[in-house]
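Analysis of the macromolecular model
Residues per chain are reported as follows:
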Amino acid sequence: MPSAPSPGESGGGPLDALQGVRVLDLSDGIAGAYCTKLLADAGAEVAKVEPPAGHPLRRWSVSGAIGSDGDPDGVLFRHLAAGHRSVGADLDDPDGQALVLELAALTDVVVESFPPGHLEARGLGTDRLQQANRALTLVSITPFGHGGPPHELLRSEFLLQARVGSLHLHGGVGSPPLAVGGRLGEWAVGAYAAAGALAARARTWRTGVGEHVAVSSLECLAVTFLCYPTLFAALPGGSRTQTFTMVPGIERCRDGYVGLATITVQQWHDVLAMTGRTDLIERSEWNDQKVRQRQVRQVRAEIGPWFLEHSCEEVLELAAAFRVPAAPVAAGDTVTELPHLVARGLFRPNPRGGFPDPRPPYRSTRTSPRPAMAAPPVGAHDAEPFSDRPIVPSVGAGSGGPAGRPLDGVRVIDLTAFWAGPFATQYLAALGADVIKVESIGRPDPMRFSVTVPPTTDRWYERGSLFLSVNLDKRGITLDLAQDRGRELLLRLVGTADVVVENFTPRVMENFGLTYDVLRTVRPDLVFLRMPGWGLDGPWSGRPAFASTMEQASGMAWVTGHRDGPPELPGICDPLAGVHGAFAILAALEERRRTGEGQQIELSMLDMAVNVAVEQVLEHAAYGHLMARDGNRGPAAAPQGAYPCAEPGAWVAVAVATDEQWRRLCEAVGDSSLADDPELAHAGGRRSAHDRIDEVLAAWCATRSPDDLLSTLRAAGVPAERVASAYDIDSDRRLVGRGFWEEVHHPVVGARQYPGWPMRLSGGSGPCHRSPAPLLGQHTEEVLRQELGLGPEELRSLRDTEVIGDRPLRG
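Attention in this report is confined to the structure presented alongside it. Just so it is clear, the structure is predicted and the values come from calculations on it, not from any experiment.

**Side note on the overall build of the chain**
Secondary structure assignment for the chain yields 31 helices and 24 strands. Taking 2.2 N^0.38 as the reference for a compact globule, 811 residues should give roughly 28 Å; the C-alpha atoms of the chain span a radius of gyration of 26 Å, in line with that estimate. By its C-alpha atoms, the chain is 85 × 70 × 50 Å across when sized along the principal axes. For the chain, with 811 residues in total, the buried portion stands at 61%. Within the chain, residue pairs in contact and separated by at least 24 positions form 77% of the contacts whose partners lie at least 6 positions apart. If you sum the accessible surface of the chain, you get close to 28400 Å²; carbon and sulfur atoms cover 52% of it. Averaging the coordinates of the 77 positive side-chain charges in the chain and doing the same for the 98 negative ones gives two points 3 Å apart.

Quick look at the structure:
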């Protein structure tokens, strides 16, 4: 068997797994556009059905500078629609409706983001589309899933952040609510929609029957923008003071900002050694991150001057020497210049405008790099909506076979730890895959040790809220891969598997002798996903990497925070990388069903983060506009903000996106100085006068209860939400009503509520979750006996030599 090229070498190309899949894009926002971009980047052919005025994103720019670079279409559209086809159709016209039905008969996936009932009213609902094509998958992206009262049909991402508790959590203890900037939630929703589409297709391949995938944006944010706060607060020793802020974290240097990761006590001590302040180790209370967060001013008073005396480059060099995870805090004007990304060739010129455009975040051993493609003019493909290239069968010959779960019969060997990797494999487990999580008693998943109880507590390492939340539905075994016998058993297990996933630093699998070439000797059609933080190659590939580091380097952190304060961590990179990883595996499995071939896929967390945060790179390159953090304000609404109410600790979020909503807000507030000012009748004037408007709204809200405010604003037709506590969202009626929360019983922590997945497949299969996160080594003997045929003596020997076990050596 010839050696496979590494995706880290120049021969590695993007996924091409969806050849033959046709996608019809009826959506109108970032979420749908990113969903179809992911499908196109994986090889699908996407045709956008555009209204007479064109897709709304053609007219969108954060800076409003469309056309200033000589192109009539917005730069974000040109990025998201690269390589797509364009068909003009008015869905309010019978001819447009007939065209969509005609195209649906030729299509595998339709993506739409209209309010519930919109397509049905035009004769284009799920039933009608699937009458035209029995195997068609319809993906619907809505704020809450289908249904709900009229005032909830349209919700901005900012208001969804408020309702799901993100503003509360990112604001921090005792601080005003704060939104994650950059509309990153819309990109997240698109990634979940793409993964849901491929999950449905996995079952359609077997049954021959298409499905409706209902994606709830609120639920997407609930599993992406929070760190399972309800479980964290409910477990013994838990609290309601969780925050994403690290201290030290993002620090001002002489010439900019540097981001550090100080999650562990050792990392805190390493920072003190780097800054020459080992004397502070004696302040043992500062070993606790929560204490440092409460005393952030005192901590920064001690070590802040050191950072101000050094340049960013000096700090980064020292951090690498002291093994402190660190990165420059990049912005739209600097991301493209990061030496690591330059060496990895992440950016290439877009054919329409020459702006730096990132390649897709995946690199596969099955493909070679392909040139960047251009977005089409409106209606460029009216005469030929889809190409005439030969159609490759994109579903199997299933004809009503047993439905089951989409990935029934698929086995996944899960070598991942922390959050991103386990998040990816948990989605595969929810889809029916037999996911076998591999740890060792010498090095269990570190998230087992992120607990709120002392190590004297019985089985304390089974009580970590994050571990419990991202390892549901898996079997768990222990194997010491540092021992020959452990590696031998893993290889035998890989021989029974379809997928292997790992997220070590690049050298680890090589040091174990478990490269893709070795793994595919026992399973030639193996799908092997590697999820290194920095990637498999490049000058920073060997550095320690955490999600916070990726948020700092990609520009994600740059657009979150208050205007006069430092950048803040969004805290979303782990689950985002996880859902992108799940998408890659589902795409590769679809290709394997069609071709019988496996592949190795590299998904760098940094490459993914840059792709999701790319709007600020595009805006700067095309229009010279540097996006920046601006508290709760945003480019799509003005006014937009969170305002304190009469009830202590209560806030209401408001987002006025149209001139009509502004008129209604003025009527509700009853302030003639706002209503009569012609400069405020348009968005630009309101944005310029935002401070003045905020003062009026703050005074109006301060004398009213949140219930009274919401009643008044909603009756007037003004979009508003209460800023929910992240610790109470398990009682949100929309989440509860959709069955988002599921009770699962764990043998140590008991019955607890866990979130499900935000993509609901009409084919069903019962609750998302079937079993709790496994105890350490819980299924070791079961798996080794049943799958590999080991007997009692062999198992005893393995236990005696600590190849297997069920208690951590450190515990």
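Now that the structure has been shown, the text picks up again.
**Remarks on the sheet that holds strand 24 (residues 759-761)**
Taken in spatial order, the seven strands make up an open sheet running 3-2-1-4-5-6-24, and their pairing is mixed. Whereas interior strands pair on both sides, the edge strands pair on one side only; in this sheet they are strand 3 (85-88) and strand 24. Strand-to-strand twist across the sheet, computed as the mean angle between neighbouring axes with direction ignored, equals 20 degrees. Taken together, the three bridges between strand 6 (residues 212-216) and strand 24 define a ladder with antiparallel strand orientation. Each residue of the ladder has a partner; that of Ala214, found in strand 24, is Arg760. Sitting on the sheet, helix 1 (residues 30-41) is in contact with strand 1 (22-25), strand 2 (45-50), strand 4 (109-112) and strand 5 (137-142), with an inclination near 165 degrees to strand 1. This element, helix 7 (residues 184-207), spans strand 4, strand 5, strand 6 and strand 24 of the sheet and lies at about 155 degrees to strand 5.

**So, the pattern of salt bridges**
Per the stated rule, a full pass over the model turns up 71 salt bridges. The salt bridge partner of Asp71 is Arg352, with a shortest N-O separation of 2.6 Å. Remark: Arg352 occurs in the loop between strand 10 (347-349) and strand 11 (356-358) and Asp71 occurs in the loop between strand 2 and helix 2 (75-80); sequence separation between them is 281 residues. Comparing Asp71 with Arg352 shows no difference in burial state: the two are buried. In this structure, Glu251 engages Arg300 in a salt bridge whose closest nitrogen and oxygen atoms are separated by 2.9 Å. Placement of the pair is Glu251 in strand 7 (residues 250-253) and Arg300 in helix 12 (residues 296-308), with a sequence separation of 49 residues. For Glu251, a relative accessible area of 4% corresponds to the buried category.

**Notes on the packing of aromatic side chains**
Per the counting criterion, the structure on display carries 14 aromatic pairs. Look at Phe504 and Phe512: their rings are 6.4 Å apart centre to centre, the planes differ by 80 degrees, and that puts the pair in the edge-to-face class. Using a relative accessible area of 22% as the deciding quantity, one classes Phe512 as partly exposed. Above the plane of the ring of Trp60 lies Arg183, whose end atom (NZ or CZ) is 4.5 Å from the centre. Above the face of the Trp558 ring, Arg629 is positioned so that its terminal group lies 4.6 Å from the ring centre.

**Remarks on the state of the cysteines**
A full pass over the atoms with the stated rule returns zero disulfides. Summary of cysteine pairing: Cys35 is not part of a disulfide, and the nearest cysteine sulfur, belonging to Cys220, is at 11 Å. The class of Cys35 is buried, set by a relative accessible area of 0%. Cys768 carries a free sulfur, and the closest cysteine sulfur to it, the one in Cys220, is 12 Å from it.

**Section: the environment of Ala17**
Looking at where Ala17 falls in the secondary structure, it is placed in the segment before strand 1. Along the sequence, Ala17 and Leu586 sit 569 residues apart, while their C-alpha atoms lie 9.3 Å from each other. Discounting residues that sit within four places of it in the chain, Ala17 has contacts with Ala42, Ala587, Ala588, Glu591 and Arg594.

**Observations regarding the packing of helix 24 (residues 659-669) against helix 27 (residues 690-701)**
Contact pair helix 24 / helix 27: the axes reach a minimum separation of 11 Å and the direction vectors enclose 45 degrees. Relative to helix 27, the element helix 24 is oriented oblique. Handedness of the crossing formed by helix 24 with helix 27: left-handed. Every residue of helix 27 that contacts helix 24 at Trp662, Leu665, Ala668 and Val669 is listed here: Ile693, Val696, Leu697 and Trp700. For the contact of helix 24 with helix 27, a count of residues per class yields eight nonpolar, no polar and no charged.

**A word on helix 20 (residues 547-554)**
Among the eight residues in helix 20, eight count as buried, and that is most of the element. Taken as a whole, helix 20 has its buried residues at Ala547, Ser548, Thr549, Met550, Glu551, Gln552, Ala553 and Ser554. Just beyond helix 20, the residue with positive phi is Gly555, at close to 100 degrees.

Conventions used here
Residues numbered from 1 in each chain as written. Predicted model: local features only at pLDDT ≥ 70, side-chain atom pairs only at ≥ 80, totals over all residues. Heavy atoms only, no water. Helix = DSSP H or I, 4+ residues; strand = E, 2+ residues; numbered from the N terminus. Rg over C-alpha atoms; globule rule 2.2 N^0.38 Å. Buried < 20%, exposed > 50% of the residue type's maximum accessible area, 1.4 Å probe, protein only. Contact = heavy atoms within 4.5 Å. Areas by Shrake-Rupley, 256 points an atom, 1.4 Å probe, with all protein chains shown as cover. Lys, Arg positive; Asp, Glu negative; His and termini not counted. Charge placed at Lys NZ, Arg CZ, Asp CG, Glu CD. Pairing = 2+ DSSP bridges. Axes fitted to C-alpha atoms, helices over the stretch in contact; angles between N-to-C directions. Salt bridge = Lys/Arg side-chain N within 4 Å of Asp/Glu carboxyl O. Phe/Tyr/Trp six-rings, centres within 6.5 Å; stacked < 30°, edge-to-face > 60°. Lys NZ or Arg CZ within 6 Å of the ring centre and 35° of its normal. Disulfide = S-S within 2.5 Å. Parallel < 35°, antiparallel > 145°, perpendicular 65-115°, else oblique. Left-handed = near helix turned anticlockwise from the far one by under 90°. Nonpolar A, V, L, I, M, F, W, Y, C, P; charged D, E, K, R; others polar.

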